[in-house]
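So the chains spell out like this:
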2 protein chains.
Amino acid sequence: MEPIYDQRAQVFKALCDPRRQKILALLQGGEKCACKLIEEMGMPQSSLSYHMKVLCASGIVVGREEGKWIHYRIDPAGSRRAVELLQAITTSSCDTDNNSCCCAHL
Amino acid sequence: MEPIYDQRAQVFKALCDPRRQKILALLQGGEKCACKLIEEMGMPQSSLSYHMKVLCASGIVVGREEGKWIHYRIDPAGSRRAVELLQAITTSSCDTDNNSCCCAHL
DNA sequence: TTATTACATCGAAAAAAATGGATTTGAAAG
DNA sequence: CTTTCAAATCCATTTTTTTCGATGTAATAA
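Quick caveat: nothing in here was measured; it's all calculated off a predicted structure.

(A) Representation of the protein's contact with DNA strand C in the model. Taken together, 21 residues form the shell around DNA strand C, and within it Q45, S49 and Y72 of chain A together with Y50 and H51 of chain B come nearest. Sugar and phosphate atoms constitute 68% of the interface atoms of DNA strand C, taking the interface as everything within 4 Å of the protein. At a separation of 2.6 Å, a base nitrogen of DNA strand C approaches a polar side-chain atom of Q45 of chain A. Side-chain polar atom of H51 of chain B to a phosphate oxygen of DNA strand C: 2.4 Å apart, as the coordinates give it. Elements that contribute at least two residues to the surface near DNA strand C include exactly α3 (34–41), α4 (45–57) and β3 (69–74) of chain A together with α2 (18–27) and α4 (45–57) of chain B. Partitioning the surface near DNA strand C into residue classes produces 8 nonpolar, 7 polar and 6 charged.

This is how it looks when you write it as structure tokens:
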């Protein structure tokens, strides 16, 4: 498979799991330390670490190191990029109201 | 896990696989019959059928039956719903410029 | 230094997703 | 009716993802 499709898939990989959806919902309330997320998610530390890695790989979440703590938050720029990507890949050429549609001449 | 997170995850499940990304890219060119997708994807019929089921479950793709053929296309309404959902779940309360942020009083 | 704390990584097992041939369904044609 | 064709479903296997205890790493505290 072409790497472009892997890259796109990686962004949405962050969003296709209910646990990561819940983590995102928790982060909507603002920046949270990993230890706080472990507690609120009720999962072992290694499991949360795994999910945070997937979330960060998508660019939607970023971690801020502060001493031995890491504070995670939703990155508005990453969110915007994901939204724009989703728009770009789910807009059919025939949806536009310009004349770029291949069927416009038929 | 709360069912709301499963529902959200299901939408993005359609987008987290490189094969489905490629199918979406093909559908951006306009409606396509399943047999055409099988040919262009180079995968067995049962595999394509599986991926189309995932894509349709997300609401982003819809199938139109015509005799014994099924024509698949990206549904603009489904696309819009997905984009709006993504926006809603990745916007932190602290990103808004109104006073609804919990930190606004600090 | 050693001890402790917070998190990442490892590694094996479990769970879930994907594959693909075989079969079934359902519609159109003969 | 039977045949044919397109697509869904079944099912066993393979692949990928997720889990979680154990271990490693890096920073702080004593």
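(B) Quick look at the pattern of salt bridges. Residue and element names in this part refer to chain B. Under the criterion given, the structure shown has 12 salt bridges over all chains. A salt bridge links R19 to D17; the nearest nitrogen and oxygen atoms lie 2.4 Å apart. Look at R19 and you get partly exposed, because its relative accessible area is 34%. Among the salt bridges present, the one from R64 reaches E31, with a minimum N-O distance of 2.5 Å. Pair noted here: R64 is in strand β2 (residues 61–66) and E31 is in the loop between α2 and β1 (32–33), with a separation of 33 residues, a long-range link. On the basis of relative accessibility, which here comes to 34%, the residue E31 falls in the partly exposed class.

(C) Just the interface of chain A and chain B, in detail. With 37 residues of chain A at the interface, the matching set in chain B holds 37 residues. Carbon and sulfur atoms make up 64% of the area that chain A and chain B hide from each other, which totals about 3100 Å². Between E2 of chain A and K22 of chain B there is a salt bridge, with its nearest N and O atoms 3.7 Å apart. Summed over the shared surface of chain A and chain B, the result is 12 residue pairs in polar contact (both at pLDDT 80 or more). Elements represented by at least two residues in the side of chain A that touches chain B include exactly α1 (3–13), α2 (18–27) and α5 (76–89) of chain A. No other element matches the 8 residues that α5 of chain A contributes to the side of chain A that touches chain B. Residues of the side of chain A that touches chain B, tallied by class, amount to 19 nonpolar, 10 polar and 8 charged.

The rules we used
Residues numbered from 1 in each chain as written. Chains lettered and ligands numbered in written order. Predicted model: local features only at pLDDT ≥ 70, side-chain atom pairs only at ≥ 80, totals over all residues. Heavy atoms only, no water. Near = heavy atom within 4 Å. Polar contact = N/O pair within 3.5 Å; in protein donor to acceptor, adjacent residues only side chain to side chain. Helix = DSSP H or I, 4+ residues; strand = E, 2+ residues; numbered from the N terminus. Nonpolar A, V, L, I, M, F, W, Y, C, P; charged D, E, K, R; others polar. Salt bridge = Lys/Arg side-chain N within 4 Å of Asp/Glu carboxyl O. Buried < 20%, exposed > 50% of the residue type's maximum accessible area, 1.4 Å probe, protein only. Contact = heavy atoms within 4.5 Å. Buried area = accessible area lost by both parts, 1.4 Å probe.

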